[in-house]
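Given next are the chains, with one letter for each unit.
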Amino acid sequence: MDCIFCKIVSGEIPSKKAYEDEFCYAFYDVNPKAPIHFLVVPREHIASCDAVTAQNSAAVAHIFEVIPQIVRQIGVTDGYRVISNCGRAAGQTVFHLHFHVLAGTELPW
Ligand code: DGP
């Protein structure tokens, strides 16, 4: 499978790591939309939110447990936004489930 985020998770493509554990990997976005902008991805290849099932949703729950830990570790104290673009029309360009975490400024809606 030719998936850029699988290659980042495996280390084949270098990235600036924010966090990692057995189930997920977090790294800074190459094209940041805020002063702090990192992505959290499951190590397992899941194409998008639309491919989340009862069989793989534990990885998603885990990601939502670690996001608060990562933002605290980075020193974010004034709020952050979590986004997942699901599907081409919603702006998804990489078809490996990922959650954008944006912080470090006032974020307009
Ligand atoms: P989305 O458009 O929601 O699928 O977001 C994909 C994000 O992934 C986009 O903000 C840019 C980022 N991205 C794409 N390729 C790379 C890469 O090779 N390294 C890093 N760090 N980020 C990448």
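I will try to describe carefully the structure that is included in this document. From a predicted model like this one, the values you see are computed outputs, not experimental measurements.

1. Quick word on the overall build of the protein
(1) Moving on: When helices and strands are counted, the protein shows 2 helices and 5 strands.
(2) Moving on: Moving toward the C terminus, one meets the helices and strands of the protein in the order α-β-β-β-α-β-β.
(3) Moving on: Computed over the C-alpha atoms, the radius of gyration of the protein is 13 Å, within 12% of the 13 Å expected from 2.2 N^0.38 for a compact globule of 109 residues.
(4) Moving on: Expressed as lengths along the three principal axes of its C-alpha atoms, the size of the protein is roughly 35 × 30 × 30 Å.
(5) Moving on: Counted over contacts in the protein with a minimum sequence separation of 6, partners at least 24 positions apart contribute 54%.
(6) Moving on: Of the roughly 6,500 Å² that the protein leaves accessible, carbon and sulfur atoms contribute 54%.

2. Things to note about the pairing of strand β1 (residues 17-20)
(1) Moving on: Across 3 bridges, the pairing between β1 and strand β2 (residues 24-28) is antiparallel. By the bridge assignment for β2, Y19 is matched with A26.
(2) Moving on: In this structure, the hairpin formed by β1 and β2 is closed by a connection of 3 residues.

3. Overview of the site of the ligand
(1) Moving on: D29, N85, G91, T93 and H100 are the nearest of the 15 residues found near the ligand.
(2) Moving on: Take V30: an N or O atom from its main chain is 3.3 Å from a nitrogen atom of the ligand.
(3) Moving on: Here an oxygen atom of the ligand and a side-chain polar atom of H98 are 3.0 Å apart.
(4) Moving on: Relative to its unbound accessible surface of 510 Å², the ligand loses 83% to contact with the protein.

4. Quick look at the sheet that holds strand β5 (residues 99-103)
(1) Moving on: Pairing within the open sheet is antiparallel, and its 5 strands lie in the order β1-β2-β3-β5-β4. The open sheet has two free edges, formed respectively by β1 and β4 (80-83), since each of these has just one partner strand. In this sheet, adjacent strand axes meet at a mean angle of 20° when their direction is disregarded.
(2) Moving on: Against the sheet, helix α2 (residues 57-74) engages β1, β2, β3 (36-42), β4 and β5, with an angle of about 150° to β3.

5. Some thoughts on the nonpolar core
Within soluble globular proteins, side chains that are nonpolar tend to cluster in buried spots.
(1) Moving on: Counting residues in hydrophobic clusters, the biggest one holds 19 residues, and the most contacted among them are A26, F38, V40, I67 and I70.
(2) Moving on: Of all the elements in the fold, those that place two or more residues in this core are β1, β2, β3, α2 and β5.
(3) Moving on: Of the residues forming this core, the biggest block, 6 residues, is contributed by α2.
(4) Moving on: Beyond its immediate sequence surroundings of up to four residues, F38 is in contact with A18, A26, F27, Y28, D29, I70, V71, I74, F99, H100 and V101.
(5) Moving on: One finds F5, I8, Y25 and V94 within the second-largest nonpolar core, a separate group that totals 9 residues.

6. Considerations on the pairing of β3
(1) Moving on: Here β3 lies mainly inside the structure; 7 of its 7 residues are buried.
(2) Moving on: In the sheet, β2 pairs with β3 via 5 bridges, with the strands oriented antiparallel. For F27, the partnering residue across the bridge sits in β3 and is L39.

Reading the values: the criteria
Residues numbered from 1 in each chain as written. Predicted model: local features only at pLDDT ≥ 70, side-chain atom pairs only at ≥ 80, totals over all residues. Heavy atoms only, no water. Helix = DSSP H or I, 4+ residues; strand = E, 2+ residues; numbered from the N terminus. Rg over C-alpha atoms; globule rule 2.2 N^0.38 Å. Contact = heavy atoms within 4.5 Å. Areas by Shrake-Rupley, 256 points an atom, 1.4 Å probe, with all protein chains shown as cover. Pairing = 2+ DSSP bridges. Near = heavy atom within 4 Å. Polar contact = N/O pair within 3.5 Å; in protein donor to acceptor, adjacent residues only side chain to side chain. Axes fitted to C-alpha atoms, helices over the stretch in contact; angles between N-to-C directions. Core = buried A, V, L, I, M, F, W, Y, C linked by side-chain atoms within 4.5 Å. Buried < 20%, exposed > 50% of the residue type's maximum accessible area, 1.4 Å probe, protein only.

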